[in-house]
Amino acid sequence: MTDEEIIISFALTRLDNANSDLDLEDVAALVVRRLTPDQMLDLATRNLAARNELRGALFESAVEHVLRAVLTARGPVD
């Protein structure tokens with residue numbers, strides 16, 4: 001899953017839950033829950049590599065990668 005696909009999936013999930021009061025991490029968790037196990041493992045692996053870590057919780061690491069991709073795409077905050 002590319003970062004562009006992550007952004008699109010995140011945006012669509014956020015639109016699907018527009019009436020909910022979800023924060024960014026909750027939306028990212030919903031995105032990760034919709035992934036296949038291989039996709040989740042890929043995101044977690046990329047997140048751990050970016051953090052230069054050898055171990056981490058699979059689900060939480062995948063969610064963190066989704067958040068990192070979304071926040072990177074948003075750019076710096078003024």
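Just above sits the structure.
Residues numbered from 1 in each chain as written. Predicted model: local features only at pLDDT ≥ 70, side-chain atom pairs only at ≥ 80, totals over all residues. Heavy atoms only, no water.

(A) Main features of unusual backbone geometry. One non-glycine residue, Asn52, lies in the positive phi region at around 60 degrees. Looking at the element boundaries, Asn52 is found in the loop between helix H3 (37–50) and helix H4 (58–74). On the basis of relative accessibility, which here comes to 71%, the residue Asn52 falls in the exposed class. (Helix = DSSP H or I, 4+ residues; strand = E, 2+ residues; numbered from the N terminus. Buried < 20%, exposed > 50% of the residue type's maximum accessible area, 1.4 Å probe, protein only.)

(B) Spotlight on a nonpolar patch on the surface. A cluster of nonpolar side chains, Ile8, Leu12 and Leu15, forms an exposed patch at the surface whose accessible area comes to about 320 Å². Following the sequence through the fold, Leu15 ends up in helix H1 (residues 3–16). (Patch = residues over 30% accessible without salt bridge, like charges linked within 9 Å, V, L, I, M, F, W, Y side chains within 5 Å. Areas by Shrake-Rupley, 256 points an atom, 1.4 Å probe, with all protein chains shown as cover. Salt bridge = Lys/Arg side-chain N within 4 Å of Asp/Glu carboxyl O.)

(C) Just the nonpolar core, in detail. Among the nonpolar cores identified, the biggest contains 17 residues, and Phe10, Ala28, Val32, Leu43, Ala62, Val63 and Val66 are the most heavily contacted of them. Elements supplying a minimum of two residues to this core: H1, helix H2 (24–33), H3 and H4. No other element matches the six residues that H4 contributes to this core. (Core = buried A, V, L, I, M, F, W, Y, C linked by side-chain atoms within 4.5 Å.)

(D) View of H2. Listed in full, the buried residues belonging to H2 are Val27, Ala28, Ala29, Val31 and Val32. Where H2 is buried, its residues contact H1, H3 and H4. (Contact = heavy atoms within 4.5 Å.)

(E) Here's a closer look at the pattern of salt bridges. Enumeration according to the criterion identifies five salt bridges in this entry. Residue Asp42 pairs with Arg46 through a salt bridge whose shortest N-O separation is 3.5 Å. Here Asp42 pairs with Arg46, and both are found in helix H3, just four residues apart, close to one helical turn. The salt bridge partner of Arg51 is Glu64, with a shortest N-O separation of 2.7 Å. Linking Arg51 in the loop between H3 and H4 with Glu64 in helix H4, this pair joins segments that are 13 residues apart in sequence. Judged by its relative accessible area of 32%, Arg51 is partly exposed. What makes Glu64 partly exposed here is its relative accessible area of 27%. Among the ionic contacts, a cluster of salt bridges with common partners joins Arg51, Glu53, Glu64 and Arg68.

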